[in-house]
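The chain contents come next:
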Amino acid sequence: MSRPLLAAYPQAIARYDEMFEAQGTPRPHWRAMFDELDHAASPELMRERLQSVQRQIRENGVTYNVYADPQGADRPWELDLLPLILPPEEWAGVEAAVAQRATLLNRILLDIYGEQALLREGLLPPALIYGHAGFLRPCHGIRPPGGVMLHTYAVDLARSPDGRWWVVADRCQAPSGAGYALENRLVISRVFPELFRDLKVQHLASFFRTLRDSLAHWAPHDDEPPLMVLLTPGPYNETYFEHAYLARYLGFPLVEGHDLTARDGCVWLKTLSGLQRVHVILRRLDDDFCDPLELRSDSALGIAGITEAARRGNVLIANALGSNVLESGALMGFLPPLCERLLGEPLKMPSVATWWCGEPAALEAATARLDKLVIKSTFPQVRRDPVFGEDLSERRRAELITSLRSRPQNYVAQELVRLSQAPVWDRHHPRRLQARAIGLRVFACASPNGYVVMPGGLTRAATGPDARMISMQRGGASKDTWVLSAGPVSTFSMLRRNIGPQDLVRSGTNLSSRVVENLFWFGRYAERSDNTARLLRVAAGRFIDDFPSEHDQEWPAIVGLCRSYNLLDPECPADDEPALRRALLAAVSDETRPGLAATLRQLFRIAFQLRERLSLDNWRTLNHLLQDLARRGPHRASLNDTLADLDRTVVSIMTLSGFSLDGMTRDQGWRFLSIGRRLERLQFLCLALRQALARNQECALDWLLELADSIITYRSRYTARPEWLPVLDLLMLDESNPRSLAFQLLGLYDYLTRLGESYGPCGDALLAPFIGTLRRLDLELDLQPQSPVLMGLLEDLGTATNTLSEHLGLRFFSHVGDVNRQTFAT
Amino acid sequence: MTHLRYHVRHETHYHYSAPVVLSQQLLHLTPRVLPWQARLQHDIRLEPEPSESECREDYFGNPVTRIALLAPHQSLGVHAQSVVEVASREAATRPGPSEAWDAVREKLRRISPAPLLEAAQFLYDSPQVECAPALGAYARPSFALGRPLLDAVEDLNRRIFKDFEFDPRATTIATPLARVLAERRGVCQDFAHLMIGCLRTLGLAARYVSGYILTAPPPGQPRLIGADASHAWLSVFCPGNGWVDFDPTNNRKADNEHVTLAWGRDFSDVTPMRGVILGGGEQELEVRVTVTPVSPSPFAARAADRHP
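The structure presented is a predicted model; accordingly, all values stated were derived computationally and were not measured.

Each value, and the rule that gives it
- Residues numbered from 1 in each chain as written.
- Chains lettered and ligands numbered in written order.
- Predicted model: local features only at pLDDT ≥ 70, side-chain atom pairs only at ≥ 80, totals over all residues.
- Heavy atoms only, no water.
- Helix = DSSP H or I, 4+ residues; strand = E, 2+ residues; numbered from the N terminus.
- Buried < 20%, exposed > 50% of the residue type's maximum accessible area, 1.4 Å probe, protein only.
- Contact = heavy atoms within 4.5 Å.
- Areas by Shrake-Rupley, 256 points an atom, 1.4 Å probe, with all protein chains shown as cover.
- Lys, Arg positive; Asp, Glu negative; His and termini not counted.
- Charge placed at Lys NZ, Arg CZ, Asp CG, Glu CD.
- Phe/Tyr/Trp six-rings, centres within 6.5 Å; stacked < 30°, edge-to-face > 60°.
- Pairing = 2+ DSSP bridges.
- Axes fitted to C-alpha atoms, helices over the stretch in contact; angles between N-to-C directions.
- Buried area = accessible area lost by both parts, 1.4 Å probe.
- Salt bridge = Lys/Arg side-chain N within 4 Å of Asp/Glu carboxyl O.
- Polar contact = N/O pair within 3.5 Å; in protein donor to acceptor, adjacent residues only side chain to side chain.

### Details of the overall build of chain A
The number of helices and strands found in chain A is 27 helices and 25 strands. Expressed as lengths along the three principal axes of its C-alpha atoms, the size of chain A is roughly 95 × 70 × 65 Å. Counting the 826 residues in chain A, one finds 57% classified as buried. By sequence separation, contacts in chain A at least 24 residues apart represent 71% of the contacts at least 6 residues apart. Total accessible area computed for chain A in this model is approximately 33800 Å², and 50% of it derives from carbon and sulfur atoms. Taking the average location of the 92 positive side-chain charges in chain A and that of its 99 negative ones, the two points are 5 Å from each other.

Rendered as structure tokens:
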């Protein structure tokens, strides 16, 4: 073939090719796509499409955490331009087989957690249940609503050279991928809108509606509409993006274990306005981590008492606690007779031949033909990479056989699958296809009318042409999956295009205490970073031309403030200038001591907890801050470089503060963020003013104006060098200066009274007296360093802000730091 | 004849340096009713009064009490007391040698037809007992091929008693078995876990038993080890005999000196008191157990007849 499109595309000899029935001859359901790629679309259009995909991924922040690294090892999601296309008649077979398998697995689960007839009848080996750490004994006997334990199910499929689909693995714990499939769809349907419409690709939205409606159907009933939440292990989880994405799509609050509490046999969400009953938990947290009281004795994560709530039928947990017991390759060999026994029909789709070595005959067969097999762990609790028999050296092979023989029940042997190949678009070429091995993950959910299969799925492509394993952890790419329809396509959308007045939402509902707490601390740490950067800039700047002691009128105050703000060791002598200089530079860049780097690290840690609530621009700015930090490292930089770094940091932090001022809706969450900022600034101002006042009348005041970013204002008002009266007026009483005590105090007071409208008095009474005192100050008598009133006022105000912070914490926060602890007594 | 009656007091006190705002506890403090053990009287008293309290049976059929305290508190006292009557089980043991241990292993290994399911519950790894070659190697000298199971187990029981030193300071509930085996010291929980690990590694079924033994010995007899705390031993499955209890800490079979609270795969299934608290700061824990013989009253004797 001379076509450039296929110049690098190998003819499939020993594999099934998804697109071509023969070299250059596309299968009928691929023809339209093939024509589009082969000649209809210009290279420019294809380039635009590629860019559009990448831009959407970036802008939507689609990521996959590779090593769950908070420092940004989030990798952008890999999505190929071309979908996998499946024709309606073929899909009908897949759909029926997956629905049957989900039905079967659910029945098996019910038996395992019920009468265990399958064990008694010898249809299931006890080792696979009693020896499986996922068999949660406290969950035995719990009756799930509607007889459903397996609400969501995913299955990994592979296609053999003869075109048949086979099951490679079942996912029953808390299957991931449906959200990524949805995101892939939104992106790819936008780059091929006409093809998408003309081919009558089935939509995904109604699947998610079925999931949501079915959960609501089985939710325990009281008089309220059911509150359904999505429980995530948190931002460090590899698929956290998907949790946040699905939660938003389904309209469920995204919660962590800390957000929930079990009391009176029910589960409650801790919100700003108190406890709210939770009816349904769609969990992405592994079941054994869900309840430290009953389920796992070595972890305090989860919600103590949640098992009891499920036992009493007061909360629906999907999937039911204990569903992980089905995740074992060893089960596959037993499914055909189980299907006959439980459903009275043959299993529709075969599993890839898999032997459980716990059976003596299987063990012998497996050791005899190890070269052709891949050896995996029977139980998910034993985390072990699959071993390919053909890769083993003689010695490793002997070792493996010894392990197999010593604990055979811990291993399964699986036939190697020769995966089918599908085209991917070559990003580095104007018009060229490459072939990649692919696997397909299909999703099903339980509904009152039986299992419903998502018409589509997550197609994953191997990295290289010959990869035997496909894994997103190892850098595979994904594809949208188009299931074509013979009839009309449902156009239902979860993201309803037409929102009527009755649908309008004005404030975030169910704002959880954890989110509010994190927003508060985000505000505090952002402001603290700003204070720290400015103070370090003032202090380090004094070293530029000469020795700071020559500024003897202000230097002692600056050193004093650095000490009370923890940036300098109190032991460090004020006259040892080289030591001070070293200490100040270290406070900029050394994360292991109090200072800018450590504060920014805290800020980033909290931002990470708020990931799904911060806009992309916030992230970009935070990333710049962090990159600067990483570049700076703990190495000693020159004074000039450090000052330049500090300038940049101050600008970035102001940018962040701009986002919260201009880019966030004024809901209660924003109010807490702002309260955090203002409290922090107020405290810092009090501290700085006290240091200045303590140095008596001789103290020069330029540094104080610089620190408070008020030099320009001062100069525009007064031509003289800074003097006490105008400086104190500007920094304390001027209600129009955002860096004055009065401005911050009034703002804070305003937020607290607003909060009080919803929740009753919130500490505004603590601040009210100070506003009065400030306004009553006598300009002539009181605004001078010797004034007995000023110092006392600043000290009292500092104390009041501390009290206020504690007060808010006790009242509203979930005490993230106050973790559950396990106790044991014999 | 050989019925003995005991009064058991099991007192647990927690003191916290800061208020605990929420506490949930699971108590395995109620003696099981068994063919050889009658529970004549039992109650659990709590200070402060819990907000919630309810009893049920756990997966293994043991009584378990779940309590929750929702009001802030700085101490928690749990007073469990029971009167139980225990019959000797020696007579129930089938005379003559038991089946060879390797024959029993094969029976348990067979998948089809369905094996003895009850025994299969206790064949595999559990949270605190992981089978390991080292455990098999230690046990092996007692398990010559063809040796009657109960003989072999009795021998292992004796060896553990001889080779290991009772030392309450050597281990905690989190000490792994490998270390117990390497250092040859521990307490009754460790010895029970160790012996269970040995038996399971060999392919035999063994379960963990939590309970008590008599505090003050009868005149002229030595005081048993582990008597002022809760005690632990194990049970091995022997076809024809059912479950037979061995106490490696005291080098004997458990009989009518042993009061059974509960059984499970290991300590984690039947921890006398397991909880999750929020707050509390530093905590101090005090546990006291006293077991005293009582003479049967006519009323109690009648009650005991129902559980011969």
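What follows picks up the thread again.
### Re the packing of aromatic side chains
By the definition in use, this model includes 30 aromatic pairs over all chains. Consider the rings of F520 of chain A and W521 of chain A, whose centres lie 5.4 Å apart with planes at 85°: the pair is edge-to-face. Judged by relative accessible area, which is 0%, F520 of chain A ranks as buried. Taken together, a centroid distance of 5.7 Å and an interplanar angle of 90° make the contact between F543 of chain A and W555 of chain A edge-to-face. With F543 of chain A in the loop between helix 14 (513–541) and helix 15 (555–564) and W555 of chain A in helix 15, the pair connects residues that are twelve residues apart, well separated along the chain. For W555 of chain A, a relative accessible area of 5% puts it in the buried group. One aromatic cluster is present, built from ring pairs that chain together Y113, Y130 and F135 of chain A together with Y59, F60, F122, F237 and W243 of chain B.

### Quick look at the sheet that holds strand 8 (residues 206–213) of chain B
All names here are of chain B. A sheet is described by the order of its strands in space; here five strands give the open sequence 11-10-9-8-12, paired in antiparallel fashion. Each edge of the open sheet carries a strand with a single partner, namely strand 11 (252–253) and strand 12 (258–264). One ladder, built from six bridges, connects strand 8 with strand 12; its direction is antiparallel. In the strand pairing of strand 12, V209 is matched with W263. Contacting strand 8, strand 9 (231–238) and strand 10 (242–247), helix 6 (residues 188–201) crosses the sheet at an angle of about 20° to strand 9.

### A word on the interface of chain B and chain A
In this complex, chain B contributes 43 residues to the contact, which on the side of chain A involves 42 residues. Between chain B and chain A, a total of about 3700 Å² is buried, with carbon and sulfur atoms accounting for 57% of that surface. Our enumeration of links across chain B and chain A arrives at four salt bridges. For E308 of chain A, the salt bridge is made with R66 of chain B, and the minimal N-O distance between the two is 3.9 Å. Between the two partners, chain B and chain A, sit 16 residue pairs in polar contact (both at pLDDT 80 or more). Mapped by element, the contributors of at least two residues to the side of chain B that touches chain A are strand 1 (4–27), strand 3 (52–57), helix 2 (117–120), helix 7 (267–270), strand 13 (273–279) and strand 14 (283–293) of chain B. Where strand 25 (residues 820–825) of chain A and strand 13 of chain B come together, six bridges link them in antiparallel fashion. Bridging from a neighbouring strand, T823 of chain A pairs with G275 of chain B of strand 13 of chain B.

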